[in-house]
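Descriptive structure summary
What follows is each chain in one-letter form.
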Amino acid sequence: MWGGRFSAKPDQVMQAINASIDVDKRLAEEDIAGSKAHAAMLAKTGIVSKADAKAIDDGLTQVLDEIRAGKLQFSKALEDIHMNVEARLKEIIGDPAGRLHTARSRNDQVATDFRLWVKSACAARIGQIEALMRAFLGQAEAHAETVMPGFTHLQTAQPVTFGHHLLAYVEMLDRDRGRFRDAIARMDESPLGAAALAGTGFPIDRDMTAKALGFARPMANSLDAVSDRDFALESLSAVAICAGHLSRLAEEMVIWSSAQFGFVKQSDAWSTGSSIMPQKRNPDAAELVRAKTGRATGSLVGLLTVMKALPLAYSKDMQEDKATTFEAFDALDLSLQAMTGMVTAMAPDPVRMRAAAASGFSTATDLADWLVRELNMPFRDAHHVTGMAVKAAEQAGQDLPGLPLSALQAIEPRITQDVFAVLTVEASVASRQSYGGTAPQRVREQVAAWKEKLT
Ligand code: ARG
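Rules of the game
Residues numbered from 1 in each chain as written. Predicted model: local features only at pLDDT ≥ 70, side-chain atom pairs only at ≥ 80, totals over all residues. Heavy atoms only, no water. Helix = DSSP H or I, 4+ residues; strand = E, 2+ residues; numbered from the N terminus. Rg over C-alpha atoms; globule rule 2.2 N^0.38 Å. Buried < 20%, exposed > 50% of the residue type's maximum accessible area, 1.4 Å probe, protein only. Contact = heavy atoms within 4.5 Å. Areas by Shrake-Rupley, 256 points an atom, 1.4 Å probe, with all protein chains shown as cover. Lys, Arg positive; Asp, Glu negative; His and termini not counted. Charge placed at Lys NZ, Arg CZ, Asp CG, Glu CD. Near = heavy atom within 4 Å. Polar contact = N/O pair within 3.5 Å; in protein donor to acceptor, adjacent residues only side chain to side chain. Nonpolar A, V, L, I, M, F, W, Y, C, P; charged D, E, K, R; others polar. 1 Å grid on protein atoms, 1.4 Å probe; cavity = no way out; pocket = protein on both sides within 12 Å on 5 of 7 lines; lining within 4 Å. Points joined across faces, edges and corners; volume = space filled by probe spheres on them. Pairing = 2+ DSSP bridges. Salt bridge = Lys/Arg side-chain N within 4 Å of Asp/Glu carboxyl O.

Details of the overall build of the chain
Along the backbone of the chain there are 18 helices and six strands. Over its C-alpha atoms the chain spans a radius of gyration of 30 Å, topping by over 25% the 23 Å that the globule rule assigns to 455 residues. For the chain, the C-alpha atoms occupy an extent of roughly 100 × 50 × 40 Å along the three principal directions. For the chain, buried positions account for 49% of its 455 residues. Pairs at least 24 residues apart make up 76% of the contacts formed inside the chain by residues separated by at least 6 positions. Approximately 21700 Å² of the chain is accessible, and the part contributed by carbon and sulfur atoms is 54%. Averaging the locations of the 50 positively and 56 negatively charged side chains of the chain gives two centres separated by 2 Å.

Shown next, in the form of structure tokens:
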């Protein structure tokens, strides 16, 4: 490519560090779409002849077919996908191929290809997030009344419904979906036509190419167009946050499926055995989802670091944007699929969950609330009285509902038999009817509202 100016071949290591084809061959579809849009525009504006543009378009179709069929041998000497495609086009159609790069540079070309890829990857992840949200809704509906311990500090706090717990993830995933949507809206501008960095003297039509490629409009500043990678950073941030959410779910699945908790049994399809311990059912998929967060976060930090302090406009540093972005999106792709499978397949054990929910003095707050409501005690005093009741129960080796009334009355004489009605886990969750609360009725309403929103 540089024969006009260079007389010696590149050093082998130079080729190894410089060639990006092993990574950016993934942009083949986008690259050819970009070239087709550019060629059509060059013909429309009279910059190249209609006949040449037609030859280019037909040739590009053939190159794409060859790539899809795995028939095109990519060459490292040709550096990247852009030059590999153009070289093959030249072999197929001859001289007109040389006109395709008029009023264009690889700088705006790669920015366009990569934006198209990231945009469609974000849209694909949105679809997968919605599939996971639906899986959650199915389980939340089935378990609107299943009671489990709610935790803070991983210490038993108050009983909650399993459906309510699962719906918390639906809310998180909805925000993840929103972040991808926002990123798409902001990246919806075409860099094509910025050329190397300064624009071009040819009478190009940037609106035409932007529209042909599905962008809302062309980017307004040519320097920015070739040097911006915000779109990748913003998307990677959405990937990292979403992966972080999945890691919390993964961690909970690992805990829930342990013998000690036994809240949830994971199906064989999502478990592995041990080569030495026959009793084991390992939650490998959940563990790997938990671990893949490292790639997602690492990719974001990696690209932030690549972009830091780069002078305008394009620098070759930016070639390192793709591997890291592909890796993060791939990790999230697998993680979302695996989580959707696991959430759909998991079998909660309501009996174990209820037993766990009823232990650890989980209805202590309900006792305090009863004292406030029925005896008009200030909450702080009620908290103190309840603390004494918990202490008495602990000493008696009982849970709160197991204490005799006399023991409670020894602490606060005005307590009556009625109090026991609020000390069961069912009464506890049913009472939490505040908007956003854990009561089965609220869970059913939320499931219905989400089903409506997701259709
Ligand atoms: N392979 C390059 C990349 O991914 C394409 C752009 C090359 N531009 C340049 N001026 N050398 O960034």
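Section: the site of the ligand
Lining the immediate surroundings of the ligand are Ser20, Asp24, Asp80, His82, Arg106, Asn107, Val110, Tyr314, Lys316, Gln319 and Lys322. Residue Tyr314 places a side-chain N or O atom 2.4 Å away from an oxygen atom belonging to the ligand. Contact with the protein chains hides 86% of the accessible area of the ligand, taken as 340 Å² for the molecule alone. For the shell around the ligand, the element with the highest residue contribution is helix H6 (residues 106–142), accounting for three residues. When its residues are assigned to classes, the shell around the ligand shows two nonpolar, four polar and five charged.

So, the layout of surface pockets
In this structure, the second largest pocket encloses a volume near 400 Å³. Lining the second largest pocket are 17 residues, with Phe151, His165, Tyr169, Arg248 and Glu252 positioned closest to its centre. At the level of secondary structure, the elements contributing two or more residues to the lining of the second largest pocket comprise strand S1 (147–152), strand S2 (155–161), helix H7 (162–186) and helix H10 (230–256). A per-element tally of the lining of the second largest pocket places H10 first, with five residues. Here the residues of the lining of the second largest pocket sort into 10 nonpolar, four polar and three charged.

So, the pairing of S2
The pairing of S1 with S2 spans six bridges and is classified as antiparallel. Residue pairing in the sheet places Pro149 in a bridge with Pro159 of S2.

Focus on empty space enclosed by the protein
In the structure shown here, the tally under the stated rule is one cavity of 30 Å³ or more. Its boundaries defined by the atoms lining it, the largest cavity holds a volume of some 50 Å³. Forming the boundary of the largest cavity are Met253, Val254, Ser257, Val264, Gln266, Pro283, Ala286 and Met342. For the lining of the largest cavity, the residue count by class is six nonpolar, two polar and no charged.

Some thoughts on the pattern of salt bridges
Scanning the entire structure with this criterion turns up 31 salt bridges. Arg217 is paired through a salt bridge with Glu189; the nearest N and O atoms lie 2.8 Å apart. Here the residue Arg217 occupies a position in strand S4 (residues 217–218), and Glu189 occupies one in strand S3 (residues 189–190), the gap between them amounting to 28 residues. A salt bridge links Arg290 to Glu251, with the shortest nitrogen-to-oxygen separation between them at 2.5 Å. Residue Arg290 is found in helix H11 (residues 284–307), and its partner Glu251 is found in helix H10; the two are separated by 39 residues along the sequence. Residue class for Arg290 comes out partly exposed when judged on its relative accessible area of 31%. On the basis of relative accessible area, Glu251 is assigned to the partly exposed category, the value being 32%. Several salt bridges share partner residues, and in doing so they unite Glu79, Asp80, Arg106 and Lys316 into one network.

Limitation: the analysis is restricted to geometry and does not speak to function.
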